Amino acid sequence: FPALGALADPLATCVFVVVAFRATWPIAKSAARVLMETAPEGLDVDALRRALEGLGSSGTTDGGLVVRDLHVWSVSMPGGGAVGSVRATVRGRLDAEEHRRLVRRAEAVFAAAGVAHATVQIEGDVCVDGGDVACGGKGDGGRGDRHACMLHA
């Protein structure tokens, strides 16, 4: 049976490859998701967008937030957390206190979705500087009716 002895090594190698692949595939898949900066498994980005757009403010905005950019990605292997960022606009006047409330409510929506850290930028027709709210330059090409505001946490 010399032919059987010659096949033992390649057969054992094939069995080892299958066992090793099955054992390492979940880790490789998770690492690829982190490296590709995809949304964490189990996180419904569309539901997160709807929840953010459902936020409104106390009567000074019309129709709540309009999400312009929403990004959520894994920063480590499973269980290590996710980060997110959102840029949204509101129609109407946005004073500093209302801005703070909207940012905190948006952060709470991210936290409820399992996002460990979120950067929230809300733009309004008018931003009134109120201490720790930074109102950036005009985002409308100089017409003067939009300001980008971000809360410094």
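What you are looking at is a predicted structure, and each value in this text was computed from that prediction instead of being measured.

## Topic: the pairing of strand E2 (residues 82–89)
Part 1: Counting buried residues in E2 gives six out of eight residues, a clear majority hidden from the surface.
Part 2: Pairing of strand E1 (residues 66–74) with E2, which is carried by eight bridges, proceeds in the antiparallel orientation. Residue pairing across strands places Trp-73 opposite Val-83, the latter belonging to E2.
Part 3: For E2 and strand E4 (residues 117–124), the ladder comprises seven bridges, and the chain directions are parallel. Bridge pairing links Val-86 to Val-120 in E4.

## Thoughts on the pattern of salt bridges
Part 1: Using the criterion set out here, one finds five salt bridges in the structure.
Part 2: Arg-100 is the partner of Glu-97 in a salt bridge, and the nearest nitrogen-oxygen pair spans 3.4 Å. With a gap of three residues between them, Glu-97 and Arg-100 both fall in helix H3 (residues 96–112), about one helical turn apart.
Part 3: The salt bridge partner of Glu-97 is Arg-101, with a shortest N-O separation of 3.9 Å.

## Section: H3
Part 1: The terminal C-alpha atoms of H3, which comprises 17 residues, lie 24 Å apart, in line with the 24 Å expected from a rise of 1.5 Å per residue.
Part 2: Within H3 the residues assigned to the buried category are Ala-96, Glu-98, His-99, Leu-102, Val-103, Ala-106, Val-109 and Phe-110. For H3, the arc enclosing every buried residue in end-on projection is 160 degrees, short of the 170-degree limit, so these residues lie on one face.
Part 3: Directly beyond the C-terminal end of H3, a positive phi value near 90 degrees is found at Gly-114.

## Structural notes on the confidence of the model for the protein
Part 1: Mean pLDDT over the protein: 76, with 72% of residues reaching 70 or higher.
Part 2: Helix H2 (residues 45–53) holds the highest mean pLDDT among the elements of the protein, 92, whereas strand E6 (residues 133–138) holds the lowest, 44.
Part 3: For the stretch residues 126–148, pLDDT sits under 50, and the model shows 54 contacts to residues farther than four places along the chain or on other chains.

## Section: the nonpolar core
Side chains of a nonpolar character, in soluble globular proteins, are inclined to be buried together.
Part 1: Core analysis: the biggest nonpolar cluster contains 22 residues, and Leu-48, Leu-52, Leu-70, Val-72, Phe-110 and Ile-122 have the highest contact counts within it.
Part 2: The set of elements that each furnish at least two residues to this core consists of H2, E1, E2, H3 and E4.
Part 3: Considering every element that reaches this core, the biggest residue donor is H3, with five residues.
Part 4: What Leu-48 contacts, discounting residues up to four positions off in sequence, is Leu-43, Leu-70, Val-72, Val-109, Phe-110 and Ala-113.

## Some remarks on the environment of Arg-104
Part 1: On the secondary structure map, Arg-104 appears in helix H3.
Part 2: As a C-alpha pair, Arg-104 and Val-120 span 16 residues in sequence and 8.8 Å in three-dimensional space.

## What to know about the packing of H2 against H3
Part 1: In the contact formed by H2 and H3, the axes pass within 10 Å of each other and the chain directions differ by 155 degrees. Here H3 runs roughly antiparallel to H2, going by the angle between their axes. Classified by chirality, the crossing of H3 by H2 is right-handed. Of the residues in H3, those in contact with Leu-48, Ala-51 and Leu-52 of H2 are Ala-106, Val-109 and Phe-110.

The rules behind the values
- Residues numbered from 1 in each chain as written.
- Predicted model: local features only at pLDDT ≥ 70, side-chain atom pairs only at ≥ 80, totals over all residues.
- Heavy atoms only, no water.
- Buried < 20%, exposed > 50% of the residue type's maximum accessible area, 1.4 Å probe, protein only.
- Helix = DSSP H or I, 4+ residues; strand = E, 2+ residues; numbered from the N terminus.
- Pairing = 2+ DSSP bridges.
- Salt bridge = Lys/Arg side-chain N within 4 Å of Asp/Glu carboxyl O.
- Expected span 1.5 Å × (residues − 1).
- Arc of directions from axis to C-beta.
- pLDDT = per-residue confidence, 0-100.
- Contact = heavy atoms within 4.5 Å.
- Core = buried A, V, L, I, M, F, W, Y, C linked by side-chain atoms within 4.5 Å.
- Axes fitted to C-alpha atoms, helices over the stretch in contact; angles between N-to-C directions.
- Parallel < 35°, antiparallel > 145°, perpendicular 65-115°, else oblique.
- Left-handed = near helix turned anticlockwise from the far one by under 90°.

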